[in-house]
Structures are given as C-alpha cells and as structure tokens.
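Chain residues, written in single-letter form:
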Amino acid sequence: MAGELLSFRAFQAACPAGYRYGYGGGGLRCLREREFPRLRGITYLDHAGATLFPESLLKAFTDDLRNNIYGNPHSQNISSKLTYDTIEHVRYRILQHFHTTAEDYTIIFTSGCTAALKLVAEAFPWIPEGTEQPSSRFCYLTDSHTSVVGMRGITATMSVLSVPIKPKEILLSEENRLPAEEQNCTTPHLFTYPAQSNFSGTKYPLSWIQDIKSGKLCPIKIPGKWFVLLDAASYVSSSPLDLGVHQADFIPISFYKIFGFPTGLGALLVNNRIAPLLRKTYFGGGTSAAYLAGEDFYIPRKSIAERFEDGTVSFLDIIALKHGFDVLEKLTGGMEKIKQHTFALAHYTYTVLSTLKYANGVPVVRIYSDTDFSNPDVQGPIINFNVLDENGEVIGFSQVDKMASLYNIHVRTGCFCNTGACQMHLGISNEDIQRNLQAGHVCGDDVDLVDGRPTGSVRISFGYMSSFEDAQTFLKFIMATRFTKLDTEIPFQSPFTKLMTESVSDDHPSFNNADQLSPILHISDREYGINLSATKVTPSWQPLELEAESIRAAVSETAVPTCRRGGKPITVTNIYLYPIKSCSAFEVTEWPVGNQGLLYDRNWMVVNQNGVCMTQKQEPRLCLVNPSIDLNKKVMVIQAEGMDPISVSLEENTGKEATICESKVCSHRVKTYDCGERIAGWFSMFLGRPCRLIRQSSDMKNRLHQKNTKGLAPATNISLSLVNEAQYLLINVASILQLKEHISARLEEPLEIQELIPRFRANIVISAPESFEEEEWAEISIGDLRFQVVGPCSRCQIICIDQQSGERNKEFLQSLSAARGRKTNFGIYLMNQPLSSSFRDILSVGSHVLPVLKENTEIQPPMSREEKGSG
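This structure is a prediction, so every number in the text was calculated from the model and none was measured.

S.K.: An account of the overall build of the protein is needed here, citing residue identities and associated values.
M.R.: For the protein, the helix and strand inventory stands at 23 helices and 39 strands. Among the 871 residues that make up the protein, the fraction classed as buried is 56%. Pairs at least 24 apart in sequence give 76% of the contacts found in the protein among residues at least 6 apart. Surface summary for the protein: the accessible area is close to 37100 Å², and the carbon and sulfur share equals 50%.

Here it is as structure tokens:
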C-alpha cells in the first residue's frame, strides 16, 4: 500500500476537482529539462525562500544587454533615454501583472520587500503621542515576517504606539466598531498583515483590506482613518493578486520570489490616494527638482516614484524584470495556472503526510497549519511540520535537515523569520524565547531542541517548476528514514483508495516505477580509486558547526586524573593529520604539536573560483587527494590516482608576490595566500573544475577561538588553523565497535572497523574500555599534554562518504542517528594550550590517556540515557 500511495495514480486521484497539474504543451518534464537542467538529481523545496530562475530568462536578459547600451537614467544622452524609457515600460508591466494601472498605483523600486516596509514606516504620516490630535497606531498581525515587526522600531522613535494583533483577534474586531460620532476622526493608523503566511502558507482574507478601510473591521477600538499595508511577498510568488479589486494602500514585494532573478530588487506599490500624504526627510540623487547646498532649500520632484527612489536605481536589474514577466507567462500561462499547479502538489503531499503513522499509531509528522489544504484560496503551497519519533517526541529540525541533504533534498528549517507564527503553532511562550536565548539559541542557528522542546520546524514549499517527482521523492525520504522494512509492509489508510478504484488514466510514463523506493545515491568514482602505499588514507574532519560550548578556562593543576572502570589503561592507537582541509588523512606514529594543534594540520584548503572553501559535501573526490608531510625536506607531497605527484614547500611564502586575502571557515575570518598557478592547475585538472589551493597566513596565527559556557569563566584564547570548530577531534575505538554493529545490521553485510574509522576524520583515536565514555570527560592528559574537552561533535553527511572511493552511502548517518537516539554526535572536540617552551611537544601512538571526569556524572550505556545535545 505504501508504494500505491506514492504512485502517480494516487496523485491524480488526490488532485482537487477543477485544478490542473502542469501547463500543457510539451509537458512539465520538457520544461524542466530545457529550463532547469541544474535540478537533475536535486529536489528543491524552498521556493518560499527563493524560487529558481529559468535558463531562457537569463538568455533573454543577457542578449538584451549585448544588443543595447543602457546608460544612467539620470543623464540625457541617447543610451540614458533608452534606459529611462525601458524602466517606465517595466513599471507599466508590473502594474499590468497586478491588474491595475498608473492611475491607481505608483511603483517605487527598492532593494527588496524589507526596504519597502522600512520606507513606509519612515514616510507614513504618523501623528505622535503628546499632540493635540489623537495619536496614530501601528498594528500588525503577529503572523508576520520579521521585517514587518521591525517597523515598530521606527514608529517607536516617532512616539507612535505599536499594537500586535493575533489572527483570531482580527476576526472578532467587528466588536471594535466605533459609534457614528467618532467616525469622522482623520488620524491615520496603519494595519499590516500578510496575504500569505510565510510560515504555514495560510492565506488571510483579501477582503480584510476593504473591511478595515471602511470601518467594518477595526483592529483596535480607536478613532481615526485606517490604511492597510498588504505584505504580498510570499503570496505573489504563486498566486495572482488583483489590485483592481483588493486596493490595499501599500503592497511591498520582492521579485526574486516570483522569478528567481534578479535578487536584491523589490518594489513598493503605493495607492495614489495616499501617496501625496507620505513624508520624506532625506533626499538623494535624482529625487530633487531643485535644492541649495548653502541654504535649507529643497523642492522634491513631482513624481512620487522619482521622489522616493534615492540615487540611481538598479536599472539593469529592472530591465531583467521585463524578461521575467515575459518568460513566466510563456512557460506557464500565468499566475492562475501556477496557483493550481503548486496547490495540487501541496494538497497531495499534505494528504499523504497526514496519513503516515508508526505501527503503534503515532503520527510520523506534526503539521502546523490553520487549514486542511482543501482550498487554494485559503492555503498556499507551503507545508510546515516537525518529524516525530515512535513515542511522539519531536526530532530536531537540524537532524531532519541533515538527513534530507543525504537525499539531495533542499528544505528550510528554523522559524523562517516569523517568530509570531512559530510561537503560535509550536506553543512557545515569550518566556521560552528568552530562556532559549540564555541557553545559547539565536535565530538561524541549528539549536533545534532546548529541554526536549522544539525551537523551530521544517518547511517545504513548491514553485511553478516543481513536479510530482519532487513530492514523491520527499515522501519517500520521510518513509525511508522513519520506517523499518517491516513498517512499510503495514497497510496504510490511504485516503485515495476509493478514488483510485475509479478509472484514472496514468499518462505519466516516467513514474511507472513509483512504487519502488529510490536507490541509495552513489557518487561513483571507482575509476579514481587510490591504491597508494605512501599514505594511509583517513579522511579530513568536516563536522557541522556546534552550539557554542566553551573551553574550560584552564586545566586545573591540582586535579587528579581519574580512570574509569577499574583503571583499565586507555591508550592512543592512531594519530592523523589533514594538511589540506577535506582531503585525505596523513597517518603518523608521532608528531609535533604546534600552537594551533598538530603541526600543519589543516593549514591549506581548496577553494572554488569564487574563493569559497570546497569540502567533501560539494566535492566528494577531495578524499582521493593524498597529502603527506616530509619534515626533513620541508615539503608537502600531494598525490592522486592518474596524476603526477606535486610538492608544495612548507616554508611560508612571505615574498611580495604573495597576495594576502581574507576567507571564511565556518563564519570565522581567516587570512590566506594563494599557492600559485602550478598547484591550482593540478587541482583543477583532477577535480574537473576551476579551483585553487590557498594556505593560512602567519598574519592570522592570532585567529583566536574563544567560547564561553554558562557558569564558567571566559576561556583562554586559543589559536586555530582552518578547522571548523576546535584544534583536535578524538574518537574512541569502543564507540566505533558499538556503532559498527548497528550499521552492519542495517546494511545486512559485515563491516570492517578499518573502513569506519576514516569516515570520522579524527586526529586522535584512542582505545578506552567503555563505548562513549569519552563524552563524560572534562579534561584529558596525553603524556605531558593536557587538553580541555570542548564538547561533542555533531556529525554531518561527510561520514557517508567512503574515504577510499568517494562513494556516498546515506545509511551511515541514518544508522548513527538511529543508534544515538535523536542526535548524530560522535567524538569529542579538544583544545590544547601549549606550554611556552623552546621545545615542541610531541604526541605519540601508545601514549597513555588520563581523563578527568565531569562533575556529578555517571557513565551509562549510551542507548539507555538521554543524549546530551550539541546543538
């Protein structure tokens, strides 16, 4: 039944009557292959964040730029006149798209929807508190984007009160209607609400616009004249908006939500009836009819658009909009068809998700919605949810995101810049928000659970080029990661069964095998398999960023190391360094320790043509690059199958030809220099794409890493190389062995520990008596070296990459998640503050490890205790 639920027949049966999937003509498959070839193998489900641009839009735009000269529109020459006229044509095209004319609305171009909202907050004719007239109010729906709520920061400086209104309260606002004698007050108030919630996809009634302006609905009981700002950014990406019918006073939009390109360009549509009332203080280039530099004299231009468009507008991007509208109409036939297409996909996906249950009857997901997805007039193509485990407990959104990435599924997680909706749907109180902040959680991070409660959720959204295959792949992902093979044999309560028994034509030949779950994704590079005896391969550490957990302030000189479990000795079994970030490991038996960790560990990294660090997440074949260090010859030798070895000097290039540039590694700023054309050509040839090798500059040896943990003193400043999080990563062989049993059982084939260890890209491998006892340590000593435990390493998809072949198997991260509960922690981070001595410390295999335990901890079997989250 599970396969039948995911068939195209089931999708057709679920499609609401009167709503059509696709756009006819050559079909959606042809459209995607022609316009979106970059989507092959990718399921993109974040169209509410940013939709994707089609190939023909870029071609039409670049052809236009090649064939015409567009000058500054503020000049008077021929090319500038062409630019001005084209911009005016685009204004008319925008108005046409929203079914209105220049008689009713003016287009003011901005850098985006946020800038348009800020403009309204600054220019609205507010009447402040403390005057003889009744003062203005700024009211906004709590289910609003951060940029709307942020308007209250401006209104506060103008002594204007802000009043948040909950969605349920506006429905009761008829009770706020004023008596006739108070309805003549002209004090302006502003009510702002979204046409579509960017959190849940709920579409709020457009009828509110006229009801509020007419006084039929009153957000709050106060005399005055109400104006309405309709935040349409999310709505217009997939639905038609008729401003001839629904005449809001202000409508801010961002064009990348509609076309995908250009970004950084939006507009404010202003109703001409209120436009003359808007105030403006600052005046930029192109906005004045006349002004004096030596006196306070300024006359603005008569055109509302020119008056508010400070400086030169992004005229080339504006010209791109014309092609955006033309291409969108040509590909889809218009916004009404997009609305039907995207809703059909959302309705089907919602219906199947709502059906999925574990064997014990617990639902697989908790959906956050105000509708039942039965009507596209009240629900957009957005589904917001959290995944639950068999006990009904929420699985953190960052864990779901990690798993989705294994399937090349792109989703959005967090609170989506809409704290009000997040609080409303997830039951998060104001006090919870403040407590979560104190616990280290901030907007946009991956701290998904605090005290077992979710801080956010997962959102998927469909766009005009989304297909049934996208919905199907996503649903298969949910089922494959949440159900065992036995679970999938349990009959599903299909809501489509009755409809599917009727005659439904299956005219979608590409889904004949829809009942089969997608095979494991492989990136096959067996032809590049390395068999080099010079270097024992172990991969480079690429953990995901952790929640901020600090370094212990200092290792206590008087602390007595305590060994666990009868004092069985713990020893170092392997030492690895990774000279080039994300490339293969270099195994040693002893190695000098520098002030940044193991000497030369992650001193180099490969970057793309834009200077952005490349890792195995984007380029798995980096693991096939084998660097080795010769301390005597002072060179690093780099080898790879099919390539001649190449060497790089260990001596830092401090000559004039070394150009120092800045890069970023996991939000940390680092200074680097390029290693030259010869080595860049070597890497570009091997990886088949333009790239370069860069090295950390000694100017940035002061790249300090300092973390604070609640209740502890600030940590000592620690210098880092190009690592993500800490100087060292340690794993325990006993923990590997326990995990090996889980993975072998899931793979139904034996697994060698020698294959597992390289996947975790550790610097130090130890053999401790108990699995996962390392998670209970606060400090450790290895020989004369002392280390502070920073916290656990939260694993990402890199452990799914076979470090010998570059092949990817998502079962490894899924097994780790299953074995560790609801987290993917494995290994611990260490920091070391070297002693100020003229002699280098040496880390050696065979050295004894002496741990100092955390206070008040008892080691328990890891599967029987709640795992400590790493964020």
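S.K.: Would you mind going over the environment of D85 in detail, with residue names and values included?
M.R.: Tracing the chain through its elements places D85 in helix α5 (residues 78–97). Along the sequence, D85 and P73 sit twelve residues apart, while their C-alpha atoms lie 8.6 Å from each other.

S.K.: Which residues make up the nonpolar core, and what are the values?
M.R.: Counting 139 residues, the largest nonpolar core has F109, Y193, L241, I251, F255 and Y348 as its most contacted members. It is helix α14 (residues 335–355) that provides the largest number of residues to this core, a total of nine residues. Setting aside its immediate chain neighbours within four residues, I251 contacts Y105, L230, A232, L241, L243, A267, L268 and L269. L598, I638, L730 and L830 belong to the second-largest nonpolar core, a separate cluster that totals 52 residues.

S.K.: Any details on the environment of I694? Residues and values, ideally.
M.R.: In this structure, I694 sits in strand β30 (residues 691–696). In the structure, I694 is positioned 89 residues away from M605 in sequence and 5.6 Å away in space, judged by C-alpha atoms.

S.K.: Please set out the pattern of salt bridges residue by residue, giving values where relevant.
M.R.: Taken as a whole and assessed by the stated rule, the structure comprises 30 salt bridges. Residues E122 and K118 are paired through a salt bridge, measuring 2.8 Å at the closest nitrogen-oxygen approach. Here K118 and E122 lie together in helix α6 (residues 113–123), a separation of four residues that amounts to about one turn. Here K118 falls in the partly exposed class, since its relative accessible area comes to 45%. Across the pair R602 and D601 runs a salt bridge, and its minimum N-O distance is 2.7 Å. With a relative accessible area of 0%, R602 lands in the buried category. Assessed through its relative accessible area of 2%, D601 is described here as buried.

S.K.: Could you give me a rundown of the sheet that holds strand β26 (residues 635–639), with the residues and numbers involved?
M.R.: Pairing is antiparallel in the open sheet, where three strands are placed in the order β25-β26-β27. The sheet is open, and its two borders are formed by β25 (626–630) and β27 (646–649), each paired with just one other strand. Here the strands of the sheet are splayed against their neighbours by 25° on average, with no regard to which way each runs. Along the sheet, helix α20 (residues 677–687) makes contact with β26 and β27, crossing β27 at roughly 140°.

S.K.: Account for the sheet that holds strand β19 (residues 571–577), with residues named and values stated.
M.R.: Hydrogen bonding along the main chain pairs the strands of a sheet, whether they run parallel or antiparallel. On the basis of which strands lie adjacent, the open sheet formed by eight strands has the order β21-β19-β34-β33-β37-β36-β35-β39 and mixed pairing. Of all the strands in the sheet, just β21 (586–588) and β39 (849–853) have a single pairing partner and so form its edges. Between one strand axis and the next, the sheet turns through 30° on average, direction left out of account. Relative to strand β34 (residues 764–767), β19 is paired through four bridges, and the arrangement is antiparallel. Within the sheet, the bridge partner assigned to I575 lies in β34 and is I764. Packed onto the sheet, helix α21 (residues 733–747) meets β19, β33 (728–732), β34 and β37 (825–831) and runs at close to 60° relative to β33.

S.K.: Would you mind going over a nonpolar patch on the surface in detail, with residue names and values included?
M.R.: Nonpolar side chains collect at one region of the surface, where L292, F297 and I299 lie side by side and expose about 250 Å² of accessible area between them. Note on placement: F297 falls in strand β10 (residues 297–300). For F297, a relative accessible area of 39% puts it in the partly exposed group.

S.K.: Quick rundown of the state of the cysteines? Include the residues and the values.
M.R.: Summed over all chains, the structure comprises one disulfide. Each sulfur of the disulfide joining C415 and C422 lies 2.1 Å from the other. In this structure the cystine formed by C415 and C422 twists about its S-S bond by roughly -55°; its chirality is therefore left-handed. One exposure class covers both C415 and C422, and it is buried.

S.K.: Now, about the packing of aromatic side chains: what can you tell me, with residues and values included?
M.R.: With the rule as written, the count across this model stands at 35 aromatic pairs. Each ring, one from F36 and one from Y464, has its centre 6.1 Å from the other, and the planes form 65°; the classification is edge-to-face. Taken together, the residues F36 in the loop between α3 (27–35) and β1 (43–44) and Y464 in the loop between β18 (457–461) and α18 (468–482) connect sequence positions 428 residues apart. The exposure class of F36 is buried, given its relative accessible area of 1%. Here Y464 falls in the buried class, since its relative accessible area comes to 4%. With 4.0 Å between their ring centres and 15° between their planes, F283 and Y298 make a pair best called stacked. With a gap of 15 residues between them, F283 in the loop between β8 (266–271) and β9 (288–292) and Y298 in strand β10 connect regions that are remote in the sequence. Here F283 falls in the partly exposed class, since its relative accessible area comes to 31%.

S.K.: Lay out α14 in plain terms, naming residues and giving numbers.
M.R.: With 21 residues, α14 should cover 30 Å at 1.5 Å per step; its first-to-last C-alpha distance of 30 Å lies within 8% of that length. Within α14, 18 of the 21 residues are buried, leaving the element largely enclosed by the surrounding structure.

S.K.: Which residues make up the side chain of T187, and what values go with them?
M.R.: Note on placement: T187 falls in the loop between α9 (167–171) and β5 (188–194). Engagement of the side chain of T187 in a polar contact is seen with the backbone oxygen of P134, the distance being 3.0 Å. Once residues within four sequence positions are removed from consideration, T187 is found in contact with I127, P134, S135, S136, P223, G224 and K225.

S.K.: Describe the packing of helix α15 (residues 397–406) against helix α23 (residues 811–819), listing the residues and the values that go with them.
M.R.: Running from N to C, α15 and α23 cross one another at 155°; their axes reach a closest spacing of 9 Å. Looking at the two axes, α15 sits roughly antiparallel to α23. In the packing of α15 onto α23, the handedness of the crossing is left-handed. Of the residues in α23, those in contact with K402, M403 and L406 of α15 are L813, Q814 and S817. Of the residues assigned to the contact of α15 with α23, the class counts are three nonpolar, two polar and one charged.

S.K.: Describe the confidence of the model for the protein, and please don't skip the residues or the numbers.
M.R.: Confidence in the prediction for the protein averages 84 pLDDT; 82% of positions are at 70 or higher. Within the model, pLDDT remains below 50 along residues 488–492, and this stretch shows ten contacts once partners closer than five positions in the same chain are excluded. This model gives residues 501–565 a pLDDT under 50, and the stretch forms 209 contacts once residues within four places in sequence are excluded.

S.K.: How would you summarise the packing of helix α4 (residues 55–67) against helix α13 (residues 315–332) if you had to cite specific residues and measurements?
M.R.: At their nearest, the axes of α4 and α13 sit 9 Å apart, and the two run at 135° to each other. On the basis of their axis angle, the class for α4 and α13 is oblique. Along this stretch, α4 crosses α13, giving a crossing that reads as right-handed. Of α13, the residues touching α4 (which contributes S56, L57, A60, F61, D64 and L65) are L316, I319, A320, H323, G324 and V327.

Calculation rules
Residues numbered from 1 in each chain as written. Predicted model: local features only at pLDDT ≥ 70, side-chain atom pairs only at ≥ 80, totals over all residues. Heavy atoms only, no water. Helix = DSSP H or I, 4+ residues; strand = E, 2+ residues; numbered from the N terminus. Buried < 20%, exposed > 50% of the residue type's maximum accessible area, 1.4 Å probe, protein only. Contact = heavy atoms within 4.5 Å. Areas by Shrake-Rupley, 256 points an atom, 1.4 Å probe, with all protein chains shown as cover. Core = buried A, V, L, I, M, F, W, Y, C linked by side-chain atoms within 4.5 Å. Salt bridge = Lys/Arg side-chain N within 4 Å of Asp/Glu carboxyl O. Pairing = 2+ DSSP bridges. Axes fitted to C-alpha atoms, helices over the stretch in contact; angles between N-to-C directions. Patch = residues over 30% accessible without salt bridge, like charges linked within 9 Å, V, L, I, M, F, W, Y side chains within 5 Å. Disulfide = S-S within 2.5 Å. Phe/Tyr/Trp six-rings, centres within 6.5 Å; stacked < 30°, edge-to-face > 60°. Expected span 1.5 Å × (residues − 1). Polar contact = N/O pair within 3.5 Å; in protein donor to acceptor, adjacent residues only side chain to side chain. Parallel < 35°, antiparallel > 145°, perpendicular 65-115°, else oblique. Left-handed = near helix turned anticlockwise from the far one by under 90°. Nonpolar A, V, L, I, M, F, W, Y, C, P; charged D, E, K, R; others polar. pLDDT = per-residue confidence, 0-100.

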